[in-house]
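Coordinate analysis (summary)
So you can see what is in the structure, the chains are spelled out below.
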Amino acid sequence: MHKDEVKGAGKQAKGAVKDAVGGLTGNTKLQAEGKLDKAEGKVQQKVGEAKDKTRDALKK
């Protein structure tokens, strides 16, 4: 597992919390930040997965 995968998962979790809190409190800015964090986290996680696959392919 690459460090980007871990960081991406963490960012997604943080974004989910922000999104939920923003929705509950009516804070649209916080909710939007949460959605953005979740999207960034997904991208970062996919980058990490691609790095892992590339590294594994090069080892063969």
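In case you missed it, the structure is sitting above this.
Residues numbered from 1 in each chain as written. Predicted model: local features only at pLDDT ≥ 70, side-chain atom pairs only at ≥ 80, totals over all residues. Heavy atoms only, no water.

Turning our attention to helix α2 (residues 28-59). With 32 residues, α2 should reach 46 Å at 1.5 Å per residue; the first-to-last C-alpha distance of 47 Å fits that figure. Those residues of α2 that fall on the buried side of the exposure criterion are Gly34, Asp37, Gly41, Gly48 and Asp52. Residues of α2 that are buried in the fold lie against α1 (3-25). If you check the start of α2, you find a side-chain oxygen 3.2 Å away from the backbone N of Lys29, and it comes from Asn27. (Helix = DSSP H or I, 4+ residues; strand = E, 2+ residues; numbered from the N terminus. Expected span 1.5 Å × (residues − 1). Buried < 20%, exposed > 50% of the residue type's maximum accessible area, 1.4 Å probe, protein only. Contact = heavy atoms within 4.5 Å. Polar contact = N/O pair within 3.5 Å; in protein donor to acceptor, adjacent residues only side chain to side chain.)

What follows concerns the side chain of Glu5. You can see Glu5 is positioned in helix α1. In this view, Glu5 contacts Gln44, Gln45, Gly48, Glu49 and Asp52; residues no more than four positions away in its chain are not counted.

Everything listed is a geometric property; what it means functionally is a separate question.
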